[in-house]
Amino acid sequence: MLITFEGIDGSGKSTQAREIHNALSLAGLKVRLSREPGATPLGEEIRKILLSDSVPVGNLAELLLFLADRAQHVQDVLRPSRSSGEILLVDRFTDATTAYQGYGMGHPLPLIETLHKTILQDIEPFRTFLLDIDPLAASERIRKRGEKKNRIEERGLEFFRNVRNGYLELAKQNPHRFCVLDATLPREELTRSILKDLEPRLLAHPADRRAGG
Ligand SMILES: Nc1ncnc2c1ncn2[C@@H]1O[C@H](COP(=O)(O)OP(=O)(O)OP(=O)(O)O)[C@@H](O)[C@H]1O
Ligand SMILES: [Mg+2]
């Protein structure tokens, strides 16, 4: 079962994905944490290219590199994970490409959709948690985190406003898959909300997800 965490840079995706991974593991469930880009050896190389300034990357090349990372991730991690019946938590997935490279950079949404169909086939997220936050507040968090901003984080508030609106539009179009959360709430409260949302859905799902089971 695939569960994804989405939101602009600094919204708290990695924080919540980690907390939910801990909580579900403690509850005895078979759960695994992954991320994009960079979950496979190829993905790690692609991540370095995409997030550093080591080599110039054009806009179309950027889109295709994110999708190359995803194709490898789907093949090496998502498909085997689905066969194993575990819960797979992924920090960023398809919606990030639609929001960033589609709504943010202006690539045609139908192009992204078509490429995603080829990459994903029958794979789709079961639930998506969108951590929604004002780009200025998110940028302040990144500043406080103390690391240098990466190539994409450098893109400025106008870009991130478009990305945020893209995510909200996706949530509106897919109301059954998305759960939109106010990312400015305290992190413990967000973790509780996510667990509360997931609990009945996990219970309703037939597969046995007990660790070792
Ligand atoms: N609910 C919260 N309230 C306040 N600060 C938070 C909250 N959640 C996370 N943070 C802090 O905000 C910063 C960004 O969080 P995190 O790294 O989880 O975001 P992210 O969405 O994974 O960012 P990126 O897209 O850059 O990987 C971190 O310093 C984190 O400790
Ligand atoms: Mg993160």
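These numbers were taken from a predicted model, which means no experiment stands behind them. (Residues numbered from 1 in each chain as written. Chains lettered and ligands numbered in written order. Predicted model: local features only at pLDDT ≥ 70, side-chain atom pairs only at ≥ 80, totals over all residues. Heavy atoms only, no water.)

This part is about the site of ligand 1. Ligand 1 sits among 17 residues. The nearest are Lys13, Ser14, Thr15, Arg145 and Leu185. In this structure, Arg141 approaches ligand 1 through a side-chain N or O atom, which is 3.2 Å from a nitrogen atom. At a separation of 3.1 Å, an oxygen atom of ligand 1 approaches a polar side-chain atom of Arg187. Within the complex, the protein chains bury 78% of what would otherwise be the 630 Å² of accessible surface of ligand 1. More than half of the atoms belonging to ligand 1 lie within 2 Å of the grid points that define the largest pocket. Every element with two or more residues in the shell around ligand 1 is listed here: α1 (13-26), α6 (135-145) and α8 (187-204). If you tally residues by element for the shell around ligand 1, the top one is α1, at three residues. The residue inventory of the shell around ligand 1, partitioned by class, reads five nonpolar, five polar and seven charged. (Near = heavy atom within 4 Å. Polar contact = N/O pair within 3.5 Å; in protein donor to acceptor, adjacent residues only side chain to side chain. Areas by Shrake-Rupley, 256 points an atom, 1.4 Å probe, with all protein chains shown as cover. 1 Å grid on protein atoms, 1.4 Å probe; cavity = no way out; pocket = protein on both sides within 12 Å on 5 of 7 lines; lining within 4 Å. Sits in = over half its atoms within 2 Å of the grid points. Helix = DSSP H or I, 4+ residues; strand = E, 2+ residues; numbered from the N terminus. Nonpolar A, V, L, I, M, F, W, Y, C, P; charged D, E, K, R; others polar.)

Confidence in the prediction for the chain averages 95 pLDDT; 96% of positions are at 70 or higher. Averaged over each element, pLDDT in the chain is lowest for α6 (92) and highest for strand β1 (residues 2-6) (99). (pLDDT = per-residue confidence, 0-100.)

A word on the packing of helix α2 (residues 41-51) against helix α3 (residues 59-84). Look at α2 against α3: their axes get within 9 Å of each other, and the N-to-C directions meet at 160°. By the angle class used here, α2 and α3 are roughly antiparallel. As α2 packs across α3, the resulting crossing turns out to be left-handed. Facing α2, whose interface residues are Leu42, Gly43, Ile46, Ile49 and Leu50, α3 presents Glu62, Leu65, Phe66, Ala68, Asp69 and Gln72. Its residues assigned to classes, the contact of α2 with α3 shows seven nonpolar, two polar and two charged. (Axes fitted to C-alpha atoms, helices over the stretch in contact; angles between N-to-C directions. Parallel < 35°, antiparallel > 145°, perpendicular 65-115°, else oblique. Left-handed = near helix turned anticlockwise from the far one by under 90°. Contact = heavy atoms within 4.5 Å.)

By size, the foremost hydrophobic cluster in this structure holds 37 residues, and its most contacted members are Ile3, Phe5, Ile8, Ile87, Tyr100, Phe129 and Tyr167. Apart from the residues lying within four places of it in its own chain, the contact partners of Ile8 are Lys13, Arg92, Tyr100, Leu131, Ile133, Asp134, Pro135, Ala138, Phe160, Val163, Arg164 and Tyr167. (Core = buried A, V, L, I, M, F, W, Y, C linked by side-chain atoms within 4.5 Å. Buried < 20%, exposed > 50% of the residue type's maximum accessible area, 1.4 Å probe, protein only.)

Moving on, we come to a negative patch on the surface. Taken together, the side chains of Glu19, Asp182, Glu188 and Glu189 define an acidic patch exposed on the protein surface. In this structure, Glu19 sits in helix α1. (Patch = residues over 30% accessible without salt bridge, like charges linked within 9 Å, V, L, I, M, F, W, Y side chains within 5 Å. Salt bridge = Lys/Arg side-chain N within 4 Å of Asp/Glu carboxyl O. Lys, Arg positive; Asp, Glu negative; His and termini not counted. Charge placed at Lys NZ, Arg CZ, Asp CG, Glu CD.)

This part takes up unusual backbone geometry. With an omega of -15°, the peptide bond running from Glu36 to Pro37 counts as cis. The residue Gln121 is not glycine, and still its phi comes out positive at about 50°. Checked against the element boundaries, Gln121 lands in the loop between α5 (109-120) and β4 (127-132). Take Gln121: its relative accessible area is 62%, and that puts it in the exposed class.

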